[in-house]
Number of protein chains: 2
Amino acid sequence: MTKHVSPPRVAPEALEKVCAELAAKFGARFTQSAAVRQQHGHNLSWTPNEPPDAVVFAQSTEEVAGIVKLCAAHGVPIIPYGAGTSLEGHVNAPCGGVSLDVSQMKAILAVHAEDLDCVVQAGVTRKQLNEYLRDMGLFFPIDPGADASIGGMASTRASGTNAVRYGTMKDNVLALTVVTPDGEIVKTGSRARKSSAGYDLTRMFVGAEGTLGVITEITLRLSGIPEAMSAGICSFPTIRAACDAVIATIQSSLPVARIELMDTISIKGINAYSKLGLPEQPLLLFEFHGTEAGVDEQAKRFGDIATEFGGGNFEYATKPEDRTRLWQARHDAYWSFSTHRTGVSVLSTDVCVPISRLAECVEETERDIQASGLIAPIVGHVGDGNFHCGVMVDTNDAKEVADVEAFLKRLVKRAQSMEGTCTGEHGIGQAKMKYLEGEHSTAGLDLMRRIKRALDPNNIMNPGKVLYM
Amino acid sequence: MTKHVSPPRVAPEALEKVCAELAAKFGARFTQSAAVRQQHGHNLSWTPNEPPDAVVFAQSTEEVAGIVKLCAAHGVPIIPYGAGTSLEGHVNAPCGGVSLDVSQMKAILAVHAEDLDCVVQAGVTRKQLNEYLRDMGLFFPIDPGADASIGGMASTRASGTNAVRYGTMKDNVLALTVVTPDGEIVKTGSRARKSSAGYDLTRMFVGAEGTLGVITEITLRLSGIPEAMSAGICSFPTIRAACDAVIATIQSSLPVARIELMDTISIKGINAYSKLGLPEQPLLLFEFHGTEAGVDEQAKRFGDIATEFGGGNFEYATKPEDRTRLWQARHDAYWSFSTHRTGVSVLSTDVCVPISRLAECVEETERDIQASGLIAPIVGHVGDGNFHCGVMVDTNDAKEVADVEAFLKRLVKRAQSMEGTCTGEHGIGQAKMKYLEGEHSTAGLDLMRRIKRALDPNNIMNPGKVLYM
């Protein structure tokens, strides 16, 4: 095993040949401009910018296949790029190579309203899709916050606030069209709701972060827009009380659509940023979907449970504009981080634990943050046991960077020791490769490496991500 | 590609060595008796009995690993065996070798009620598990009909009547312990509800039918037993009307827990077998789970929809014994097949199509059955677009066997041409290998073969199943 060794940089002659051919074929859709390269090596994490050598904008699966075949013939790395919203260094180009940008693949190819599914190109964003679907009474429920591309969401196995009810990308992708590292076009499944026909190629590419191929089209499950929605917020004296209320809610089979936690630090930031005047205590935000009578009943039951665990300061809303107001605290969470400290980077990381361990994990993490002298508000998709820390870090301060690194290591270890995972929804990218090693046994990592080698023996697909090869 | 060539039979000397060692180590838990071998090469399909050379009963993951290591060292095939309820020849031993029976691995290792999950050994059956869980207010919702082992259900990506609401094994397995073809023990994931940490090893083994390794332990998602359940039946003038009612139900986001279709032939059989006196018309059986008010509302809404599509002769029930009575028609379906024709085999096969094509697919199949002079009642998990034909066949009549083969080929082709799949829940086994070839492109099959070769280069894990190698 060649651990922690970066794959070699692309050979200059090979790169030159590929770039010349791409330039000739794609004209203005191919570029080596520093600004565009820089932007494609950018990401929302604190990993250093590692720009690709070139960027090519594909508009069809066939074009993607042609680009991959060309790069494969010359051993040139390919970094699939969608909306660039990833958080763990997924789109950096540590070995150089070509960023294969699918953001112009924005066609919604089919909506099958009767079957509650659709087929989209990889560059379609979730907001674009939901805009398109709204008049049909349908929606695509996965909401990671950012207006990510569907291809990128599939590649990172994304989820978000609605996952407790509607599942993650793993559950909502019916089939994919993928370009393999050889440049072959493969459809991984049919439009049937379920299938027992052979290996689950779909789930092999969902979450593979572009290291096994390029996702170009996605068949998605859709949901009907609920007839009624009811949203609410309530405050709790402690994180533990809030978590216990959530556990009781989930256990009682209340089909909550979203249930989010914000810790006291987050609320302080939100109050400073959005002037919401919320009690400076842990807050739960929740939403119910169903019939009018159904959501009324759910909200009432949840209220009873929350009260039992010390919940108070309830506010409810059913009209869209009022629901949006209630959820504003959550939507502004990321932006409010800057109120704590300006001129620094915010490192957004996530872990996920069994819900019974959530209170313990969040409480220990809060104590750790305090003891470390860091500022790191916590928000969480608490129905899934998934939470985020937004760690403020001055990346020019080596000592602080080291402190944050040490904190992240403890955070991941804590989650893993509680039978959890180093990432619930952000993925591995570059930044969590070392933690993936700790999560799986040598034999488990060996299986992953065998799959990678079997599909991409020359390691040209997004090298330097997910697995040390 | 070496299509349609059976892998070679195990070498006698290798087998002899392995059997001697297993006999010494496992004593009475190892056997080469003809009766036990015969029973382990048996299955509920019409594929000929192909008994293994020996059967060994393992009681722990470590024992399984030891057996696999021994067999791997001598190139002896291993056929994982659970409850033997599979329908497509999954447990036959076309190359001989050792049937690795996990039916004595019946320990429920942990139930985490707060997290709605549990960890079980592969030989635990679903009825055993639900019996165990009942007092905790929890249940495991996947119900394929037979009292299958959880390991077998994971291996075939099983589902059944509840899948429309609760998903399939793909959705309800959180993690697995697997013994790889090298005899290594791998845990594929944590107990976190979701994870974006690396390749989805769990979903790689779910549905692989024991061809990539032996599943020995399963971490399962559980559900809370609903506070209230309401069941019902209603008759429709045509299959199309029944299917249209189902489509409208699914589209209106009614969270139906089960919705099953039986065609007129099935109803005639049921009336003969169970004396239920049902109208001899297509029948829908349905069930709603939720709060008392919730299931009332759902049943009422469904009634309105069904009436609109010509549904009539409604019967509803909420008490357990009354619900059981209503569902009797469905439960007896398999046994009632014998009323149509005695002394013949019943071949139970399944396909799955997008729900919008279901009426068309079932109607065409009914016409095909009539034209072919076959008897083949149709029952279906209609909310998923999945249906079964129970084809009566005299396996001693070569002409009839050929007719049935031709019918099956048309059935699969019909489903595939409607963007469906050759099997929704039974799996490929031996009997559908040729149809898997038609469902995926050469490049797609090549990906599956590469995975198989990467994990099991000597093809010792359940050879002669799923993929022609």
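Predicted model only: the values in this text are computed from it and were never measured.

Enquirer: Outline the overall build of chain A, listing residues and values.
Expert: Of the regular secondary structure elements, chain A holds 17 helices and 18 strands. Expected size for 469 residues packed as a compact globule is a radius of gyration near 23 Å; at 22 Å, chain A falls within 12% of this value. Summarising its shape, the C-alpha atoms of chain A cover approximately 65 × 55 × 40 Å along the three principal directions. Taken over 469 residues, chain A has a buried fraction of 59%.

Enquirer: Requested: an account of the sheet that holds strand 17 (residues 378-381) of chain B, with residues and values cited.
Expert: Residue and element names in this part refer to chain B. Pairing is antiparallel in the open sheet, where 7 strands are placed in the order 15-12-14-13-17-18-16. On the outer flanks of this sheet lie strand 15 (312-317) and strand 16 (345-352), each paired with one strand and no other. Between one strand and the next, the sheet's axes are offset by a mean angle of 15°, whatever the strand orientation. Bridge count for strand 13 (residues 256-262) against strand 14 (residues 283-290) is 6 bridges, and the pairing is antiparallel. Note that in strand 14 the partner of Arg 258 across the bridge is Glu 287. Contacts between helix 11 (residues 292-308) and the sheet are confined to strand 12 (228-235), strand 14 and strand 15, with strand 14 contributing the most and set at about 155° to the helix.

Enquirer: Tell me what's going on with the domain arrangement of chain A, and back it up with residues and numbers.
Expert: All names here are of chain A. For chain A, the domain assignment lists domain 1 (108-224) and domain 2 (226-428). Using C-alpha coordinates to define each centre, domain 1 is positioned 26 Å away from domain 2. Facing the 13 residues of domain 1 at the interface are 14 residues of domain 2. Taken together, the residues of the side of domain 1 that touches domain 2 break down into 4 nonpolar, 6 polar and 3 charged.

Enquirer: For the pairing of strand 12 of chain B, give the residues involved together with the corresponding values.
Expert: Residues and elements named next belong to chain B. Counting buried positions along strand 12 yields 6 of 8 residues, so the element is predominantly enclosed. Of the strand pairs in this sheet, strand 12 and strand 14 are connected by 8 bridges, and their pairing is antiparallel. Each residue of the ladder has a partner; that of Cys 234, found in strand 14, is Leu 284. Summarising the sheet, strand 12 and strand 15 pair through 4 bridges and their orientation is antiparallel. By the bridge assignment, Ile 233 is partnered in strand 15 with Glu 315.

Enquirer: Quick rundown of the relation of the copies chain A and chain B? Include the residues and the values.
Expert: In the superposition of chain A on chain B (RMSD 0.0 Å, axial shift 0.0 Å), the rotation amounts to 180°. Read as a symmetry element, the transformation amounts to a two-fold axis. A share of 100% of the interface residues of chain A reappears at the interface of chain B, consistent with the copies meeting face to face through the same patch.

Calculation notes
- Residues numbered from 1 in each chain as written.
- Chains lettered and ligands numbered in written order.
- Predicted model: local features only at pLDDT ≥ 70, side-chain atom pairs only at ≥ 80, totals over all residues.
- Helix = DSSP H or I, 4+ residues; strand = E, 2+ residues; numbered from the N terminus.
- Rg over C-alpha atoms; globule rule 2.2 N^0.38 Å.
- Buried ≥ 20, exposed ≤ 12 C-beta atoms within 10 Å, placed from the backbone.
- Pairing = 2+ DSSP bridges.
- Axes fitted to C-alpha atoms, helices over the stretch in contact; angles between N-to-C directions.
- Contact = placed C-beta atoms within 7 Å.
- Domains from an automatic or database assignment.
- Nonpolar A, V, L, I, M, F, W, Y, C, P; charged D, E, K, R; others polar.
- Least-squares fit on C-alpha atoms with pLDDT ≥ 70 in both.

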